[in-house]
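# Chain and residue survey
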Protein chains: 2
Amino acid sequence: MDKENIFDLISIGSGAAGLSAAVYAGRYRMRVLVFGADFGGYTSIAGPIENYPGYKEIDGFDLMLKMKEQAEALGTTIKDEKVVRVERQDGCFVVTTEKGDAYSAGTILFATGSEHRKLGLPNETELTSRGVHYCATCDGPAYAGKTVAMVGGGDGSVKGANLTAEYAAKIYIIVRGQEVRAEPINYEEMKKLIDAGKIELIMENEVAQIVGTNKLEKIVLKKEYKGSTDLIIDGLFIEIGAVPRSELAKGLGVALDERGHIIATPMMVTNVPGVFAAGDITPLFGGFKQDITAAAMGAVAATSAYQYYKTNGNLCQTHWKVSGEKT
Amino acid sequence: MDKENIFDLISIGSGAAGLSAAVYAGRYRMRVLVFGADFGGYTSIAGPIENYPGYKEIDGFDLMLKMKEQAEALGTTIKDEKVVRVERQDGCFVVTTEKGDAYSAGTILFATGSEHRKLGLPNETELTSRGVHYCATCDGPAYAGKTVAMVGGGDGSVKGANLTAEYAAKIYIIVRGQEVRAEPINYEEMKKLIDAGKIELIMENEVAQIVGTNKLEKIVLKKEYKGSTDLIIDGLFIEIGAVPRSELAKGLGVALDERGHIIATPMMVTNVPGVFAAGDITPLFGGFKQDITAAAMGAVAATSAYQYYKTNGNLCQTHWKVSGEKT
């Protein structure tokens, strides 16, 4: 392997956790490479952020750009590429990207976050981006003057509905349970929009069918709402939470909890030597998944990776030196 | 008690942990009061900060101001007053300040941080601010063209020496052990300043005496350095770490570890119902005490305080209502 492709730390994930880790590891003078299939992770598409301490309001993408510049100024390389394989060879980690390029590092950080949970209904995949969406901030503006539905009774769904209300004529929020659980500031905003007739809650109901050919036409509800199970909408936004992206870690023998999160100590150390985890992929702060906690975990993970590196050195360099011309 | 003086959450401490908690609790629509004997805690006097993810460089005081404005915009009251007593009465917490004013809250956050460790030598207290200091960032600029000594082999001492080198003619760093342990980026800067003749390391030595009447005149070292135990200096900066400020918590029955930190779960919950802790006062991330981790812990603590508040309500309001005219 080309010496240029050997790093001290590779972060898989370029969200708040991965970029914060790069800032800290850069200050520790480690050679850092950050991979991100989608730069900035969820934060990049989160829209305006008002709860990152230090910024009264900042767009998620701008916050990620600031962290990127900060990490790059300290020598970090950032590649918007998807990692498809991670292997461990004699204490050195070899990372292969979708393009087929290989890189190695003495330590690995999983900051892979999570991906949108799906309803698992027929037509859902076929109609994705053709009326079915998973990101109101990203795709809401396309529905100016239209009627849309949000699926989910959590904060993501409510925040999405409030944002989409700036464009859409009418928004239904379909909630499976008896309760809407959103951050109070978002809940209050939703109530105002309900009073204004913009938002309508459909409680204790579910999407039974997604109907459409090439384009979403309507959905069928499990139970009647206002005399019908049909709901004619232009857009369906599915905001029912996220599942941790832990397949690559699992393949490496990293221990996961029953929900698929990477088990790590509060110092963000996993069961595999040289492997660390940070951000939404870990269960450290329970269901509380925020930029500020992800960034803190990234900083701590980098510190633990640096301790490991100080003790063991970069085992890739030894490895490649000893074994000679391996690819 | 005046209804105006009853809050849902009182944070004792106005550093990164306390202010971040105020931002989150404010979004949860809790009525928040933050006390700080010294606004912004250590961060305010830390000088330029380059490792808070999202800011490539920001003065510590400015970062604290930004968090303050963010918290105030959400309704938080911030008072630069020292809290001298915290009592628990039927699940309601009563906080008394140095001025003798009383406030109450349904939940309490200890974000009290830590204070500078002292050498414990004769004259140390008498000569404080008369040549003896504990904050190079604050007091270094007063020593332009002078000779000073830093005591301590850790990052605080090295960072302090590097900063003071901008003003002082000569800086000694007195290290008890065989090793200087600083963040690599600060260590490298120190090495450059050693090469430039600005900084001189005095290894495996200690301050035995602080000498001076009304004003520091010299220090006496435990062992000879360059043929003498006397070291004539204008300023002595003691940077040997910090001890947790946990007396108020202790008085309330909050469990502490052997080093005096408040024991809390990763959700920042202590053993006393309604009491939470965040920042340097807790041992969650070990010796890693940074603004980013303090801010994350504050956000988590506020979230746990909100859970408690949702479940129990504000017990002060019940208390004062039931018992009538208590002070």
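Residues numbered from 1 in each chain as written. Chains lettered and ligands numbered in written order. Predicted model: local features only at pLDDT ≥ 70, side-chain atom pairs only at ≥ 80, totals over all residues. Heavy atoms only, no water.

### Here we look at the overall build of chain A
Counting its secondary structure elements, chain A contains 9 helices and 19 strands. Here chain A has a C-alpha radius of gyration of 22 Å; the compact-globule value for 327 residues is 20 Å, and the two agree. Along the first, second and third principal axes, the C-alpha atoms of chain A reach 75 × 40 × 30 Å. Relative to its full complement of 327 residues, chain A shows a buried share of 53%. Partitioning the intrachain contacts of chain A with sequence separation of at least 6 by distance along the chain shows that 62% fall at a separation of at least 24. Seen as two clouds, the 35 positive and the 41 negative side-chain charges of chain A have centres 3 Å apart. (Helix = DSSP H or I, 4+ residues; strand = E, 2+ residues; numbered from the N terminus. Rg over C-alpha atoms; globule rule 2.2 N^0.38 Å. Buried < 20%, exposed > 50% of the residue type's maximum accessible area, 1.4 Å probe, protein only. Contact = heavy atoms within 4.5 Å. Lys, Arg positive; Asp, Glu negative; His and termini not counted. Charge placed at Lys NZ, Arg CZ, Asp CG, Glu CD.)

### Considerations on the environment of Leu-119 of chain B
Residue and element names in this part refer to chain B. Tracing the sequence through the fold places Leu-119 in the loop between strand E9 (114-116) and strand E10 (132-133). Along the chain, Leu-119 and Ala-302 lie 183 residues apart, while their C-alpha atoms are 36 Å from each other. In this structure Leu-119 touches Glu-124, Val-151, Val-207, Ile-238 and Ile-240, once residues within four positions along its chain are discounted.

### Focus on the packing of helix H5 (residues 155-164) of chain A against helix H6 (residues 184-195) of chain A
All names here are of chain A. In contact at an axis separation of 9 Å, H5 and H6 are set at 45 degrees when each is read in the N-to-C sense. As far as their axial angle goes, H6 and H5 are oblique. The handedness of the crossing between H5 and H6 is left-handed. Note on element contacts: H6 touches H5 through Asn-186, Tyr-187, Glu-189, Met-190 and Leu-193, opposite Asp-155, Val-158, Lys-159 and Asn-162. Residue composition of the contact of H5 with H6, grouped by class: 4 nonpolar, 2 polar and 3 charged. (Axes fitted to C-alpha atoms, helices over the stretch in contact; angles between N-to-C directions. Parallel < 35°, antiparallel > 145°, perpendicular 65-115°, else oblique. Left-handed = near helix turned anticlockwise from the far one by under 90°. Nonpolar A, V, L, I, M, F, W, Y, C, P; charged D, E, K, R; others polar.)

### Side note on the confidence of the model for chain A
Residue and element names in this part refer to chain A. In this model, chain A carries an average pLDDT of 93, and 97% of its residues clear a pLDDT of 70 or more. When the criterion is pLDDT under 50, residues 322-327 qualifies, and its contacts beyond four places in sequence or with other chains add up to 6 contacts. Reported for the predicted complex are a pTM of 0.86 and an ipTM of 0.85. (pLDDT = per-residue confidence, 0-100.)

### Some points on the state of the cysteines
All names here are of chain A. Considering all chains together, one arrives at 2 disulfides over all chains under this definition. Covalently, Cys-92 is tied to Cys-316 through a disulfide, its sulfur atoms 2.2 Å apart. As the torsion about the S-S bond is roughly 95 degrees, the Cys-92-Cys-316 disulfide counts as right-handed. Here the residue Cys-92 occupies a position in strand E7 (residues 92-97), and Cys-316 occupies one in helix H9 (residues 315-323), the gap between them amounting to 224 residues. (Disulfide = S-S within 2.5 Å.)

### A look at the pairing of strand E14 (residues 207-212) of chain B
Residues and elements named next belong to chain B. Sheet analysis places E14 next to strand E15 (residues 216-225), joined by 5 bridges and oriented antiparallel. Opposite Val-207, over in E15, you have Leu-221 as the bridge partner. Where E14 hands over to E15, the hairpin turn is made up of 3 residues, of which Asn-214 adopts a positive phi near 70 degrees. (Pairing = 2+ DSSP bridges.)

### Re empty space enclosed by the protein
Residues and elements named next belong to chain A. For the structure shown, the criterion picks out 1 cavity of 30 Å³ or more. In this structure, the largest cavity spans a volume of roughly 40 Å³. Every residue lining the largest cavity is listed: Gly-279, Asp-280, Thr-282, Phe-285, Gly-286, Phe-288, Lys-289, Thr-293 and Met-297. Tallied by class, residues from the lining of the largest cavity come to 3 nonpolar, 4 polar and 2 charged. (1 Å grid on protein atoms, 1.4 Å probe; cavity = no way out; pocket = protein on both sides within 12 Å on 5 of 7 lines; lining within 4 Å. Points joined across faces, edges and corners; volume = space filled by probe spheres on them.)

### Comments concerning the interface of chain B and chain A
In this assembly, 40 residues from chain B lie in contact with 40 residues from chain A. Roughly 3600 Å² is buried in total at the junction of chain B and chain A, and carbon and sulfur atoms are behind 64% of that figure. With a shortest N-O distance of 3.3 Å, Glu-50 of chain A and Arg-27 of chain B are connected by a salt bridge. Across the chain B-chain A interface, the total number found is 24 residue pairs in polar contact (both at pLDDT 80 or more). The set of elements that each furnish at least two residues to the side of chain B that touches chain A consists of helix H1 (16-27), helix H3 (60-73), helix H6 (184-195) and helix H8 (291-312) of chain B. (Buried area = accessible area lost by both parts, 1.4 Å probe. Salt bridge = Lys/Arg side-chain N within 4 Å of Asp/Glu carboxyl O. Polar contact = N/O pair within 3.5 Å; in protein donor to acceptor, adjacent residues only side chain to side chain.)

### Digging into the side chain of Asn-205 of chain A
Residues and elements named next belong to chain A. Tracing the chain through its elements places Asn-205 in the loop between strand E13 (199-202) and strand E14 (207-212). Within the structure, Asn-205 has its side chain in polar contact with the backbone nitrogen of Lys-222 (distance 3.3 Å). Reaching out from Asn-205, the side chain makes a polar contact with the backbone oxygen of Lys-223 at a distance of 2.9 Å. Non-local contacts of Asn-205, meaning those with residues more than four positions away in its chain, are made with Ile-174, Val-175, Arg-176, Leu-221, Lys-222, Lys-223, Glu-224 and Tyr-225.

### Considerations on the sheet that holds strand E12 (residues 170-174) of chain A
Sheet strands pair by backbone hydrogen bonding; their relative direction is either parallel or antiparallel. Residue and element names in this part refer to chain A. Strand order across the open sheet formed by 5 strands is E10-E17-E11-E12-E13, with parallel pairing between neighbours. The open sheet has two edge strands with one neighbour each: strand E10 (132-133) and E13. Examined bridge by bridge, strand E11 (residues 147-151) and E12 share 5 bridges and lie parallel to one another. The partner of Val-151 across the bridge, within E12, is Ile-174. Against the sheet, H5 touches E11, E12 and E13, its axis set at about 165 degrees to E11.

### Quick notes on helix H5 (residues 155-164) of chain B
By the criterion of burial, H5 of chain B is predominantly enclosed, with 7 of the 10 residues buried. Residues of H5 of chain B that are buried sit in contact with strand E3 (48-49), helix H4 (136-139), strand E11 (147-151), strand E12 (170-174), H6 and strand E13 (199-202) of chain B.

### A short note on the domain arrangement of chain A
All names here are of chain A. Taken domain by domain, chain A holds domain 1 (3-115 + 242-319) and domain 2 (132-238). When the two sides are added together, the surface that domain 1 and domain 2 hide from each other amounts to roughly 370 Å², 57% of it contributed by carbon and sulfur. Three residues stand out in domain 1 for area buried against domain 2, namely Ile-45, Ala-46 and Pro-48, and they jointly supply 74% of the buried area on that side. Summed over the shared surface of domain 1 and domain 2, the number is 0 salt bridges. Seen at the junction of domain 1 and domain 2, the total is 0 residue pairs in polar contact (both at pLDDT 80 or more). For the side of domain 1 that touches domain 2, the class distribution of residues is 3 nonpolar, 2 polar and no charged. (Domains from an automatic or database assignment.)

### Notes on the nonpolar core
Of all hydrophobic cores here, the largest spans 90 residues; its most connected members are Tyr-52 and Ile-292 of chain A together with Tyr-52 and Ile-292 of chain B. Contributions of two or more residues to this core are made by helix H1 (16-27), strand E2 (32-35), helix H3 (60-73) and helix H8 (291-312) of chain A together with H1, strand E2 (32-35), H3 and H8 of chain B. Setting aside chain neighbours within four positions, we find Ile-292 of chain B in contact with Tyr-24, Tyr-52, Ile-292, Ala-295, Ala-296 and Ala-299 of chain A together with Tyr-52 and Pro-53 of chain B. (Core = buried A, V, L, I, M, F, W, Y, C linked by side-chain atoms within 4.5 Å.)

### Comments concerning the pattern of salt bridges
Inspection of the entire model under this criterion finds 26 salt bridges over all chains. For Lys-170 of chain B, the salt bridge identified is with Glu-200 of chain B, shortest N-O distance 2.6 Å. With Lys-170 of chain B in strand E12 and Glu-200 of chain B in strand E13, this residue pair connects regions lying 30 residues apart in the sequence. Summarising the burial analysis for this pair, Lys-170 of chain B and Glu-200 of chain B share the class buried. Linked through salt bridges whose partners overlap, the residues forming this network are Arg-27 of chain A together with Glu-50 and Glu-183 of chain B.

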